[in-house]
Amino acid sequence: GKKPLRVAITGASGQIGYQLCFRIASGEMLGKDQPVILQCLELPQALNALKGVSMELDDCAFPLLKGIVQTDDPNKAFEGADYALLVGARPRSKGMERGDLLKANAEIFSVQGKALNNHANRDTLRVLVVGNPANTNALIAARNAPNIDPKRFSAMTRLDHNRGLAQLAEKLKCSVTDIEKFAIWGNHSATQYPDVTQTVVKGKSAKTLINDEKWIKENFIPTVQQRGAAIIAARGLSSAASAASAAIDHMRDWTFGTNGQWTSMAVYSDGSYGADKGLYFSFPVIVDKNGKYEIVQNIKLDQFSQERFDVTRKELLSEKDGVASLLPN
Ligand code: NAI
């Protein structure tokens, strides 16, 4: 059989981690013929909870699961890692300023970036940052890993992408698989721009089919942007199963390809569309069957799209400024 792949998961006993571990071990991310070793990182105070997760993983008797590492040491968690899902992050506590939150996370992600640099399987590594502020955390991790190609780091906007697909499918009474060329631009935050201007449904322009500019601007876009808050209001807890599902989709597509279809990933900006080089910025991407992604080029941004794009771009620049002192040269 195939050699096991090492999948590191941080925050493995948290809400999202608790979903991810089981879905990855069952083969939903890397395929039903690919053995895996889960390398779980948690804070010292959560190691006991992690032990419980590990016991439950044992009890699933997953044929593909060839080992479980439980540790609070990033150097161990990332040893030989082929995949890293960076989920654990410092949540905003009461009275915490945005700047403090950025800095607390910057410290976590600089340590993890260095540990990845020194211990991960650099040549095949794929890193997905889920923990918020995800785009800026990805920037920090990547900048602290000078020996790893920055294209091997990414941040998650796939949940936003999937939320948009679901809203469009409901509006147009079609299947999510009928929808092509939808994308999220920019930051995983309320400034993200869910863009339907290029979107095609069964060969027809989604904009023409919707035929309601007001619905797009005043209903669709804010619904996608603020879906996270709506889930918290309804569930009393933040999105977890849907976030884990999106993380699986992101890594699976980044590995096996998107069959010529667009998806959304926050990736290292090469300056495309004027997104400042080096930012982790969500673009429409296509992944080929060898797992290589390309940012979709030559999309014409109309004036409205350009304005939305600039808002989210500026937010990412200001987040970057907020952690500038923690970025190595
Ligand atoms: P949670 O609080 O249930 O779990 C987080 C886990 O991470 C906890 O078990 C905690 O002990 C651990 N942790 C914290 N710092 C750590 C560190 N330095 N190293 C290792 N483990 C650490 O949170 P949940 O719901 O699982 O969410 C995790 C993160 O994902 C949050 O930052 C959340 O905002 C973010 N998120 C991002 C989404 C996206 O679309 N990009 C969607 C949903 C959540």
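- Naming follows an unreviewed UniProt entry, where the protein appears as malate dehydrogenase of Tieghemostelium lacteum.
- The Subunit (unreviewed entry) comment attached to the protein in UniProt states, word for word, "Homodimer."
- For the protein, the Sequence similarities (unreviewed entry) comment in UniProt is given as "Belongs to the LDH/MDH superfamily. MDH type 2 family."

**Remarks on helix H1 (residues 15–25)**
Moving on, step 1. Listed in full, the buried residues belonging to H1 are Ile16, Gly17, Leu20, Cys21, Phe22, Ile24 and Ala25.
Moving on, step 2. At its buried positions, H1 is contacted by strand E1 (5–10), strand E2 (36–41), helix H2 (47–60), strand E3 (65–71), strand E4 (83–86) and helix H10 (241–256).
Moving on, step 3. Note on H1: the residue one or two positions beyond its end, Gly27, has a positive phi of about 100 degrees.

**Description of the environment of Gln45**
Moving on, step 1. Here Gln45 shows up in the loop between E2 and H2.
Moving on, step 2. By relative accessible area, which is 66% here, Gln45 ends up exposed.
Moving on, step 3. With 27 residues separating them along the chain, Gln45 and Asp72 place their C-alpha atoms 9.2 Å apart.

**Here's the deal with the state of the cysteines**
Moving on, step 1. Counted under the stated rule, the structure contains zero disulfides.
Moving on, step 2. There is no disulfide at Cys40, and the cysteine sulfur nearest it, in Cys21, is 4.3 Å away.
Moving on, step 3. Since its relative accessible area comes to 1%, Cys40 is described here as buried.
Moving on, step 4. This cysteine, Cys60, is not joined by any disulfide, and Cys21 carries the nearest cysteine sulfur, 10 Å off.

**Some words on the confidence of the model for the protein**
Note that predicted coordinates carrying low pLDDT should not be read in detail.
Moving on, step 1. Overall, the predicted model of the protein reaches an average pLDDT of 97, with 100% of residues at or above 70.
Moving on, step 2. Interface confidence for the predicted complex, expressed as ipTM, amounts to 0.99; the pTM equals 0.98.

**Let's talk about the side chain of Gln112**
Moving on, step 1. Here Gln112 shows up in helix H4 (residues 98–119).
Moving on, step 2. Looking at Gln112, the relative accessible area reads 7%, which means it is buried.
Moving on, step 3. Setting aside residues up to four positions removed in sequence, Gln112 forms contacts with Thr10, Leu41, Phe78 and Leu86.

**Quick look at the site of the ligand**
Moving on, step 1. Around the ligand lies a shell of 23 residues, among which Gln15, Ile16, Glu42, Val130 and Asn132 are the nearest.
Moving on, step 2. Taking Gly14, its main chain carries an N or O atom lying 3.4 Å from an oxygen atom of the ligand.
Moving on, step 3. In this structure, an oxygen atom belonging to the ligand sits 2.8 Å away from a side-chain N or O atom of Asn132.
Moving on, step 4. Contributing elements (two or more residues each) for the shell around the ligand: H1 and H4.
Moving on, step 5. Looking at the shell around the ligand residue by residue, the class counts come to eleven nonpolar, eleven polar and one charged.

**Considerations on the UniProt feature "binding site: NAD(+)" (unreviewed entry) in the protein**
Moving on, step 1. Feature annotation in UniProt assigns "binding site: NAD(+)" (unreviewed entry) to the following positions: Gly11, Ala12, Ser13, Gly14, Gln15, Ile16, Gly17, Asn105, Val130, Gly131 and Asn132.
Moving on, step 2. Relative to the helices and strands, Ser13 is located in the loop between E1 and H1.
Moving on, step 3. Classification of Ser13 by relative accessible area gives buried; the value is 19%.
Moving on, step 4. Each residue touching Ser13, except ones within four places of it in the same chain, is listed here: Glu42, Ala46, Ala49, Leu50 and Val53.
Moving on, step 5. Position of Gln15 among the secondary structure elements: in helix H1.
Moving on, step 6. Once you skip the residues sitting within four places of it in the chain, Gln15 turns out to touch Arg235, Leu237, Ser238 and Ala240.
Moving on, step 7. Of note is the side chain of Gln15, whose polar atom sits 2.6 Å from the side chain of Arg235.

Reading guide: rules and limits
- Residues numbered from 1 in each chain as written.
- Predicted model: local features only at pLDDT ≥ 70, side-chain atom pairs only at ≥ 80, totals over all residues.
- Heavy atoms only, no water.
- UniProt positions renumbered as here; feature names shortened; annotations may be inferred.
- Buried < 20%, exposed > 50% of the residue type's maximum accessible area, 1.4 Å probe, protein only.
- Helix = DSSP H or I, 4+ residues; strand = E, 2+ residues; numbered from the N terminus.
- Contact = heavy atoms within 4.5 Å.
- Disulfide = S-S within 2.5 Å.
- pLDDT = per-residue confidence, 0-100.
- Near = heavy atom within 4 Å.
- Polar contact = N/O pair within 3.5 Å; in protein donor to acceptor, adjacent residues only side chain to side chain.
- Nonpolar A, V, L, I, M, F, W, Y, C, P; charged D, E, K, R; others polar.

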